[in-house]
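Per-entry structural report
Single-letter residue listing:
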Amino acid sequence: HRTNETDTNQASRCGATVSFASDLVAEERKGRGKMAGRRNHMRTAKKGWDVVLGRGTGWNAVHTIPCRTDETTKGPTDGQVRNDWTREQVADVFHAPLLELVHRAANVHRIYHDPRQVQKCTLLSIKTGGCPENCNYCSQSSHWSKETGTKATKLMAIDEIYQAAVRAKEAGSTRFCMGAAWRGPSQVGKGQFGRVLETVKKVRALGMEVCTTLGMLTPEQAQQLRLAGLTAYNHNLDTSPEYYEKVTTTRKYSDRLETLKHVREAGISICSGGIIGLGEEETDRIGLFLQLATLPEHPESVPVNSLVAVPGTPFEDHKEPTAFELVRCIATARILMPKSMVRLSAGRMKLGASDQAMCFLAGANSIFSGDELLTTKNNDEHEDAMLFQQLGLEGRPAFLPYSGGGPSSSDPDFEDAEEREENAVSQ
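Residues numbered from 1 in each chain as written. Predicted model: local features only at pLDDT ≥ 70, side-chain atom pairs only at ≥ 80, totals over all residues. Heavy atoms only, no water.

**Quick notes on helix 10 (residues 323-336)**
- When the terminal C-alpha atoms of helix 10 are compared, their 20 Å separation across 14 residues agrees well with the 20 Å that a helix rising 1.5 Å per residue should span.
- Counting buried residues in helix 10 gives twelve out of 14 residues, a clear majority hidden from the surface.
- What helix 10 keeps buried is the set Ala323, Leu326, Val327, Arg328, Cys329, Ile330, Ala331, Thr332, Ala333, Arg334, Ile335 and Leu336. (Helix = DSSP H or I, 4+ residues; strand = E, 2+ residues; numbered from the N terminus. Expected span 1.5 Å × (residues − 1). Buried < 20%, exposed > 50% of the residue type's maximum accessible area, 1.4 Å probe, protein only.)

Below is the structure:
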């Protein structure tokens with residue numbers, strides 16, 4: 001369908017309301033969802049369905065959205081950005097018939113994102129093994145290093161990391177992510193953390209988005225990362241609060257939430273999601289998404305990971321999730337957090353081309369490229385290139401404005417280092 005005068009007239013004859021707006025805004029009014037579209041979009045609504053029509057032939061030409069806001073359901077409007085989800089509402093989304101759920105998610109996805117764009121990211125382990133945490137799924141824990149055979153390494157040299165970032169950019173990645181097997185920077189002292197800060201500056205100068213995952217942060221450390229020009233900070237919640245102690249006992253769920261608070265207050269965009277396949281129940285997956293969707297601000301990025309069971313870890317015998325389970329989680333994340341990037345992360349090697357296509361249809365718009373994800377193998381770059389060609393996908397440029405997240409992830413000129421430092425001192 002394409003928007004034209006006939007569409008408008010037909011919508012009006014159906015008793016629907018048509019309106020224009022410059023920004024995408026959703027609100028509840030008199031028990032019915034009222035969705036306004038971007039400039040040159042219009043909205044029709046009839047008995048629990050919204051149809052957002054756009055002029056032109058691009059990705060945002062037409063979207064049919066089941067909004068579930070009629071007098072019988074009184075539920076939230078699909079595509080509406082909100083932070084007051086209830087467990088019952090999240091469960092209602094999660095348990096929808098899979099094909100209906102994917103259809104709804106695909107329509108929501110097109111409101112805020114170009115469905116052809118999938119960002120390629122590269123994740124590098126800059127310090128492997130020797131971690132004092134006891135996350136039962138992780139091969140980098142020192143608690144079972146003998147069983148996994150993972151040897152602790154030193155922090156990589158700045159130039160070595162920089163050259164890896166250069167190769168990643170040449171291969172098409174626009175976001176470079178660095179992970180260190182630390183409990184947090186406080187564990188290792190100022191020297192090693194200072195080297196990470198210098199590395200962030202150098203990689204950012206390549207014109208790449210930069211993300212780090214370094215464990216728990218203090219407010220001061222988060223501020224230092226912001227001053228270095230960090231794009232986003234990854235700190236996954238992993239699972240629900242109720243199941244968390246079955247995953248690790250060396251930290252609390254509240255510790256994770258506190259670090260996210262420090263990152264948010266420092267002005268850095270948050271990357272936070274979870275892992276499915278940890279032995280959790282569906283109620284725990286619902287609990288995870290409830291936590292993420294009710295944060296003060298939705299994460300800029302929501303990684304959805306599927307467990308890669310590593311021999312020697314306590315979770316080595318856990319059954320890996322099916323492709324349909326992964327799709328369900330991606331679609332749920334897309335509906336609950338419509339502006340966020342939903343990142344198809346660990347476990348992608350087990351998926352066929354059609355499985356990955358369904359993930360993209362359900363709202364995933366990011367993958368990790370490269371040979372490894374920290375300590376586990378990843379999909380072949382040539383296979384990814386062929387998949388993109390077959391599906392008509394294209395990479396997402398660095399610093400293309402994000403619907404979610406702050407200026408740290410959308411502005412390539414997010415103050416230079418000296419200006420950031422001067423502003424921090426003056427404040």
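The rest of the description comes next.
**Comments concerning the packing of aromatic side chains**
- Tallying each qualifying case throughout the model produces one aromatic pair.
- On the numbers, 5.1 Å between centres and 80° between planes, the contact of Tyr244 with Tyr253 is edge-to-face. Considered together, Tyr244 and Tyr253 belong to a single accessibility category, that of buried residues.
- We note Arg328 situated over the ring of Phe94; from NZ or CZ to the ring centre the distance is 5.9 Å.
- Taking NZ or CZ as reference, Arg396 lies 4.0 Å from the ring centre of Tyr402, over its face. (Phe/Tyr/Trp six-rings, centres within 6.5 Å; stacked < 30°, edge-to-face > 60°. Lys NZ or Arg CZ within 6 Å of the ring centre and 35° of its normal.)

**A closer look at the nonpolar core**
- The biggest cluster of nonpolar side chains holds 80 residues, and the ones touching the most others in it are Ile126, Phe176, Leu225, Ile330 and Leu344.
- Per element, the largest residue contribution to this core is nine residues, and it comes from helix 10.
- Aside from chain neighbours lying at most four places away, what touches Ile126 is Lys154, Leu155, Met156, Ile161, Met178, Gly179, Ala180 and Val196.
- Of all hydrophobic cores here, the second largest spans nine residues; its members include Tyr243, Ile275, Leu307 and Phe315. (Core = buried A, V, L, I, M, F, W, Y, C linked by side-chain atoms within 4.5 Å. Contact = heavy atoms within 4.5 Å.)

**Notes on unusual backbone geometry**
- For Asp238, which is not glycine, the phi dihedral falls at a positive 75°.
- In this fold, Asp238 is placed in the loop between strand 9 (232-234) and helix 8 (253-265).
- Backbone geometry at Phe399 places phi at a positive 65°, although glycine is not the residue there.
- Mapping Phe399 onto the fold places it in the loop between strand 17 (394-395) and helix 13 (407-410).

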